[in-house]
Amino acid sequence: MKVHSVMTRPANRVPGFRAATLVAAAVVLVAGCATAGPGATPSDPPASEPAPGVSPSPAPQTVAPPGGTIRLYSTVTQATVDAIVEGYQAVNPNVTIDLFRAPTGEVAARIAAELREGGVRADLFWLTDPLSIQQYDQDGLLAAYAPPEAASLDPADQGATFWATRHLNMVMVGAADLSPAVTDWGDLTDPALKDAVALPDPGFAGSAFGLLGAFAQDPAYGLEFYQRLKDNGAIIVKSPDEVTTGVAEGRFKAGITLDFSVRSAIAKGSPVRLIWPTSGAVTMYSPIAMLQASDNAAAAKSFIDFVLSGDGQAIIAASGWEPARADVAGGPPIDGSQVRPDWTAAFREQADLLAGYRAIFGE
Amino acid sequence: MGVAGRDRSAGSGRVPGRALGMLVTSAAFAALVAYPLARLTGTLGDLGPEAITRALAGAGGRAVLTSIGLGVVVAVLVVVIGTTTALIGERASSRGRWLVRAGMVGPLFVPPFVAALGWAAAYGPRGLTDRWLGISLPGTYGLPGVITVLTVEAVPLAYLIVAAALAGRAEPDLERAARASGATSLDALRTVTLPLLRRPILGSGVLAFIMTLNAFGVPAVLGIPGGVSTITTRLYQDLAFSADPASFDRAVVLALILVAIAFVTVTASDRLLGGHSSPRTAVTSSGPATPGRRSTVAVAAVMVGVIATAAVPFVALILVALTRAVGLPPTPENWTLANFAEVLDPRILGALARSVGLALAAATIVTVLGGIVVAVGRRAGRVLGGVASIGFAVPGSTLALAVLIGYGGALRDTLLIILIVYLGKFWALGHRPIAGSVDRLPNDLLRAARASGARPRDVFRSIVLPLLRPAIIGAWLIVFLFGLHEVTMSSLLYGPGTDTLAVVTLNVQQLGDPTITAALAVALGLVVGVGAIPVLLVRRAIDRPPGRE
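Residues numbered from 1 in each chain as written. Chains lettered and ligands numbered in written order. Predicted model: local features only at pLDDT ≥ 70, side-chain atom pairs only at ≥ 80, totals over all residues.

### As for the pairing of strand 2 (residues 95-101) of chain A
All names here are of chain A. The cut-off we apply is this: Whether a residue is buried, exposed or partly exposed follows from its count of other C-beta atoms within 10 Å of its own C-beta, namely 20 or more, 12 or fewer, or something in between, respectively; the C-beta atoms are built from the backbone. Under the scheme used here, helices are H or I runs from DSSP no shorter than 4 residues and strands are E runs no shorter than 2 residues, and both carry numbers assigned from the N terminus. Strands were regarded as paired on the criterion that DSSP finds at least two bridges between them. With the strands pointing away from the viewer, any crossover whose connection runs clockwise from the first strand over the helix to the second is right-handed.
Here strand 2 lies mainly inside the structure; 5 of its 7 residues are buried. In terms of strand pairing, strand 1 (residues 68-74) meets strand 2 through 7 bridges, oriented parallel. Bridging across to strand 2, glycine 68 finds its partner in valine 95. In the classification by handedness, the crossover that spans strand 1, the intervening helix 3 (residues 78-91) and the parallel strand 2 is right-handed.

### Looking at helix 13 (residues 231-240) of chain B
Most of helix 13 of chain B sits out of view: 10 of its 10 residues are buried. Looking only at helix 13 of chain B, the buried set comprises Ile231(B), Thr232(B), Thr233(B), Arg234(B), Leu235(B), Tyr236(B), Gln237(B), Asp238(B), Leu239(B) and Ala240(B).

### A short note on the domain arrangement of chain B
Residue and element names in this part refer to chain B. Rules: Domain delimitation in this document rests on an assignment produced automatically or drawn from a domain database. Charged residues are taken to be Asp, Glu, Lys and Arg, nonpolar residues to be Ala, Val, Leu, Ile, Met, Phe, Trp, Tyr, Cys and Pro, and polar residues to be all remaining types, Gly included.
Considered domain by domain, chain B is made up of domain 1 (1-46 + 337-549) and domain 2 (67-233 + 299-332). For domain 1 versus domain 2, the distance between C-alpha centres works out to 26 Å. Going through the elements one at a time, helix 16 (338-343), helix 19 (396-411), helix 22 (456-485), helix 24 (501-511) and helix 25 (514-543) are the ones with two or more residues in the side of domain 1 that touches domain 2. The element that contributes the greatest number of residues to the side of domain 1 that touches domain 2 is helix 25, accounting for 12 residues. Here the side of domain 1 that touches domain 2 is composed, by residue class, of 13 nonpolar, 10 polar and no charged.

### Re the environment of Gly246(A)
Residue and element names in this part refer to chain A. As a reminder of what qualifies: Think of it this way: build a C-beta for each residue from its backbone, and any pair within 7 Å is a contact.
One can find glycine 246 in helix 8 (residues 240-249). Distance from glycine 246 to serine 264, taken between C-alpha atoms, is 14 Å for residues 18 residues apart in sequence. In contact with glycine 246, not counting residues within four places along its chain, are Ala198, Val237, Arg251, Phe252 and Gly255.

### What to know about the packing of helix 6 (residues 112-123) of chain B against helix 15 (residues 293-322) of chain B
All names here are of chain B. How we decide: Interaxial angles span 0 to 180 degrees and are taken between N-to-C directions of axes, which are lines fitted to C-alpha atoms, for helices over the stretch in contact. Every angle not falling under 35 degrees, over 145, or within 65 to 115 is termed oblique; those three ranges are roughly parallel, roughly antiparallel and roughly perpendicular.
Where helix 6 meets helix 15, the axes come as close as 7 Å, and the angle between the chain directions of the two elements is 80 degrees. Relative to helix 15, the element helix 6 lies roughly perpendicular. From helix 6, Ala115, Leu117, Gly118, Trp119, Ala121 and Ala122 reach across to helix 15, where they touch Val312, Pro313, Phe314, Ala316, Leu317 and Val320. For the contact of helix 6 with helix 15, a count of residues per class yields 11 nonpolar, 1 polar and no charged.

### What about the environment of Asp129(A)?
Residue and element names in this part refer to chain A. In this fold, aspartate 129 is placed in the loop between strand 3 (124-126) and helix 5 (130-138). Sequence separation between aspartate 129 and alanine 254 is 125 residues, and the spatial gap between their C-alpha atoms is 23 Å. Ignoring sequence-local partners within four residues, the contact set of aspartate 129 consists of Thr104, Gly206, Ser207, Phe209, Gly210 and Met284.

### A look at the nonpolar core
The test is simple: Nonpolar cores are identified as sets of buried Ala, Val, Leu, Ile, Met, Phe, Trp, Tyr and Cys residues joined via C-beta atoms within 7 Å.
Formed by 280 residues in total, the largest nonpolar core has its most connected members in Ala254(A), Leu317(B), Ala362(B) and Leu401(B). If you count residues domain by domain, this core takes at least three from each of domain 1 (1-46 + 337-549) and domain 2 (67-233 + 299-332) of chain B. Setting aside residues up to four positions removed in sequence, Ala362(B) forms contacts with Leu419(B), Tyr422(B), Leu423(B), Phe426(B), Val479(B) and Gly483(B).

### Some words on unusual backbone geometry
The backbone of Asp195(A) shows a phi angle near 60 degrees, a positive value even though the residue is not glycine. Tracing the chain through its elements places Asp195(A) in the loop between strand 4 (162-175) and strand 5 (197-200). Although it is not a glycine, Asp413(B) sits at a positive phi angle of roughly 70 degrees. In this fold, Asp413(B) is placed in the loop between helix 19 and helix 20 (415-439). Look at Asp413(B) and you get buried, because 24 C-beta atoms sit within 10 Å.

### A few points about the environment of Val247(A)
The residue Val247(A) is located in helix 8 in this model. With 25 residues separating them in the primary sequence, Val247(A) and Val272(A) have C-alpha atoms 7.0 Å apart.

Encoded structure:
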C-alpha cells in the first residue's frame, strides 16, 4: 500500500512530466526503433501480491512458495552474492532477483538519490559494515522481522531489523620483502614507512568506515591514530583491494585491508603477505535487512532466512568469508585474536566520524 | 535550393512532410535537451544562490580551477604538437604523409579511458618501462599524467583540422615564393604559413579546451587516485559516491558551471574566429615542397611519438591482462588467460550486449533524426543543425544529470534513460555528415532528372539516396562507435542490470583490480577497433573527391 503511493509519486509531483514523457516516447516511436537494447529491465519491479499467510516458518513447503521479483542492493563481493543468489534460487525458483552491487559509497548515494525521488526501490539491503545499517534503521527504512535462525547468531551481531551474515577481518598487508617488522597497527606510523602506507577510503568502502568507527572508539587509537598516519604520509586509496594491489605492485610497502583480499592475492601468486595485528584484527559483521517499503516481503524474508540458514552460511564460508554463525564450519583461518567493537556504541558517535576523518585527510 | 524537400513539396503539394519533419525535430529537441536542462536549472533555482557559494568553497572550487587550468595547458600543448605534426606530415613525401595520417587517425579510435589505463600500464609506477628499464614517468597518477594522456587524445583532431587547412589553403607555392625571395624557412613559417593557419589553429585549440573540460575517462583513471578532481570527476564522485545532500547540490552547481564554461568558450571563439576570415588563395595543383632529409627525420620522430603514445600503452595493457597476479613480472611464465576468461562471464557478456544494443539503437535513431534534414530542405536543415549541435555542446556530465533530474522519477535504472542521453548527445554527430552531403548534392543532376520526367520519388530513390549513402552509413557508424565506449554519461545513469561494458570496466578499475580491468579494457578496445574498420573504409569513400587520385 505504502509502496504504491511512494512509487507513483514522482510522476504526479512534477507538473508536465507526463507530457514530456509522452513526447519522448513519441520521438522514439516516430523514429521507428526499439526503445531499448537487449536485456532491458523493467523500470519498477512488478508489484506482485505477497503470498498470503506466509509466516516466518522454516518449512516453506507447507505454505505457498514465494515468487515475484525482489530487488537487492548489496556491497558484498560479487562472487559471494552470486553464489548466494544461485543457492537461493535453487530452492526458490520462482523468485527473480534484481541485483545492484556496488561499493558502500555508491550504494549509499543510490539510496539517498532514491529517497530524494520518492522512495527506496530495494526490498533488501545486504551491506558490509555495522554502522551504515544502523543509520538506515534509525531513518526508519528497515522492517522488523524475527528470522528463525537469528538465535544462532551472536546477540551483539543483530538488531530488531538487521542480522549478521558474515564476519570481516581488517588486517594489514605487507610487501613480501617488507624490511621493518610490522606487527601491530602502530607500526604503520614508523618513519621507515613514510609515504609508503595505503589506507582504504571510509567514504568508499564500508569496511574502511567500520574500521574508522572501531579506531575512533578505542581509546588506544582514536581519530588521533589517523592523524599520525597522515603525518607519516599515509595515502588514501579507494577499496581494500586497491590497498592490496598497490602493495603487490610495489607502490606501497604496507597497508590496511581485509584478510580476504590478501588471501586472494596470495592465492594468485602476488608478492604480498598477511600481517595479523598482534592486538587483534578489527572484526565487523556484514548485515542484511529488509525494507519497510518492500512490496514482496514474503520473498525478502525467505532470502534472509536462506542467507542465515546452514546452507547459506556454508556458501558464505566456501566463498572465502568467515560465516556469522559459529556453528557453521569452514571459512578462512583466523590467524590471531579478533577485536569486536561495540557497534551500537560506535554508531552513537558516528555523526562526527566522517567529518573528523575528512578534517584530517581532506576530501 | 531546397533539394528533395522543396522539390517534393512543390511537385506534389506534400508540405506535411516538411511540417512533420520540423515537428518531430522540435519535439525531439524539447524532450532530449531542453526539458532536462530546464529541470536542472530549476533545481538550482530551488537551491538558491547561496548554494553556488557553498558549492564553490573548497573541493568544488578547486575542481573548477583544475578543469580550466587543465583545459588551457592541454589546448596549448595540443595546438603546438598538432600543428607541428601537420606541418611535418603535409610537407613530407607522399609516403611520409600517408604514414603520418595513418598514425594520427588510428589513435582516434582508442577509447580515452582505455588509453589512460594503457598509459599507466606502460609508463606508470611498476609499469612496463619501470619494470624493464627502471624508468617511470613521475606523476602518472596526478596532473602530469592527466595532461599527457588528454593531450595525446586530442592531438589527432588538431592534426586533422590543421592538415586539412594546409592541404586546402596554405599552398607551398607561397612558401616557395617567400623562400625564393630570400626568407629563411623559419621566417617563411612565421610570416606566411602560420598566419594563414590562424583560424584552424585557434579552432583546434578551442576544441582541445572543450574536450578537456568535458573529459571524464582520463581524469577518472589517472586523476582520482592522485587526488586530482576535475569538474566531471568531482560531479561523478558527488553523485555516485556520496549520500550527503550537500554533495547533490554541489553536483547540480558544477553541472551548470560546466555547461556555462563550454558555452562561453564556444560563443567567444565563434565571435573571435567567425568575424574576419583569412584570405582564401586559389587551390593550385602543385605538389608539396620538395621534402628534404630533415623531413624524413621529422616523419620518423612523429612515428616514434605515435608508437610511444598509442602502440606501447596498448601492448602494456595486454601484458597486464595476461599476467596471473598483480605484482608479478609480465613474463611468459606468469601468463594466463584466466583474466580474459572473466570477460566471458555471463554478467559481462550481458553488459557487452547492452553496450552493443544501446549503440545500435542510438546510431539508428540518430541517423533517422539526421535524415530528417533531407525532408525539410537545406535552409531549415541549417536551423536543425544548430539545434542538434546544442545537445552536442552540452557536456556529457551535465546532460546526464539533467536527464536524471528530468526523467529519473519514471525512468531511473532503465536502458531508455541511457538511450535518451545518447540521442541528445550524439544527434549532431549523425546530423552533420548527412547535412554536409545534402549540401554537396549536385543540383544539375536533380534538375536534369526532373526535366527528363522523373517523379520526385524516383529522383529521391535513384539519385539522392545513392549519393547520400556513404554519409548515412558514416553517420551511423560514428554514433555506433561513440555509443560503444561511452562512459561519462552511462556511469551516472546505470542501475541494476543496465550497466554497459565501459561502466563495468570503470567499476572494476575503481575497485582496484588491475589485471581484470586490463582484460576488460583490452576487450573494449578490440570491440571498438573492430567497429572502427568499416568507419575507416567509409571515410575513405567519403573523403575521396571525384576526379582526384
